[in-house]
Amino acid sequence: PDVRVVTLDNGLRVYLRHNERPGAHAEMRLVVNAGSAFEEPDQSGVAHFLGDRADVPKVLRAASVLALPSIYEGLPVAVIEAQAAGVRCLIADHITAEVGVVAELITRAPLSIGADGWAEQLERELAKPPVDAGRAFEQVSLSPFDLATGSERLVDVYRAGVRTASAGVSRN
C-alpha cells in the first residue's frame, strides 16, 4: 500500500497509509524504535519506558500536536493535560465536548476522513502559531479538571447539601 511520510519540525516521522478496516475509522499506532532490540552495543540502557514521571508537563511541551483519533473514549485526560501544557489537540469529533477547556487548542475531525485527511489536518495544526502556554495552563487551572478547583467545588456542593439537610431538620 501507498505510505505517506510526514516529517515534523521536531524530526518525528509520521507514516500514514490508507486502511480499509475497520472502515470509516482512523487507526494510529506509535512505533518507538527503542529498547534492547534496537540498541547498538554502546547504547545499552539508553532507552527505557520510565513509568511514573514527574516531568510530564516538560515532555508534553516538547510536543507539537496531540492526535487522538480514538474510536471509543470516555474522558481522555491526556487531552486535558496537553492543553495545560499549551499543546494543540486534534481529536476525533465524537470525543466528549467537556475536554475542550482551551477552545483554541482543540480541533475536531471525523474518523471518516481517513489517514490522508488526518495527515492534512495535522499539517494545518502544525502551521498554526503557538499559543501562550501560561494562559492555557491558567484556563485549565480554573476548570473543573484542576484538582484544587474541582475539590473546592465538591466541598461547596457538600456544604450546600449539609445546609439544606440542616434546614430541613430544624423545621421538624
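The text that follows walks through the structure, step by step, so that each part is easy to find. (Residues numbered from 1 in each chain as written. Predicted model: local features only at pLDDT ≥ 70, side-chain atom pairs only at ≥ 80, totals over all residues. Heavy atoms only, no water.)

Thoughts on the sheet that holds strand β3 (residues 65-68)
Definition in use: Strands qualify as paired when DSSP identifies two bridges or more between them. Helix numbers and strand numbers start at the N terminus; a helix is a DSSP run of H or I with at least 4 residues, a strand a run of E with at least 2. Here an axis means a line fitted to C-alpha atoms, over the contact stretch when the element is a helix, while the angle between two N-to-C directions is reported on a 0 to 180 degree scale. Two residues qualify as a contact provided that any one of their heavy atoms is within 4.5 Å of a heavy atom in the partner residue.
Strand order in this open sheet of three strands is β3-β4-β5, and the pairing throughout is parallel. Of all the strands in the sheet, just β3 and β5 (106-109) have a single pairing partner and so form its edges. Pairwise comparison of adjacent strand axes, ignoring direction, gives a mean angle of 15° for this sheet. Looking at chain direction, β3 and strand β4 (residues 88-92) are connected through four bridges and run parallel. Residue Leu66 lies in a different strand from β4, and its bridge partner there is Cys89. In this fold helix α3 (residues 114-127) packs onto β3, β4 and β5, with an angle of close to 160° to the strand it touches most, β4.

A short note on the layout of surface pockets
For clarity, the threshold we go by: Whether a set of points on the 1 Å grid over the protein atoms alone is a cavity depends on a 1.4 Å probe fitting there but being unable to get out, while an open set qualifies as a pocket with protein on both sides within 12 Å along at least five of seven lines; lining residues are those with an atom within 4 Å of a point. Grid points are joined across faces, edges and corners, and a volume is the space filled by probe spheres set on the points. Gly is placed with the polar residues, together with every amino acid not listed as nonpolar (Ala, Val, Leu, Ile, Met, Phe, Trp, Tyr, Cys and Pro) or charged (Asp, Glu, Lys and Arg).
Of the voids in this model, the second largest pocket is the one considered here, and its volume is about 250 Å³. What lines the second largest pocket is a set of 16 residues, and nearest its centre among them are Ala63, Ser64, Gly86, Arg88 and Pro130. Residues of the lining of the second largest pocket, tallied by class, amount to nine nonpolar, two polar and five charged.

Re empty space enclosed by the protein
Here the structure, examined in full by the defined rule, presents one cavity of 30 Å³ or more. The computed volume of the largest cavity comes to approximately 30 Å³. As for the largest cavity, its lining consists of Val6, Leu8, Val14, Leu16, Ala119, Leu122 and Glu123. Taken together, the elements giving at least two residues each to the lining of the largest cavity come down to β2 (13-17) and α3. Across the lining of the largest cavity, the residue classes tally to six nonpolar, no polar and one charged.

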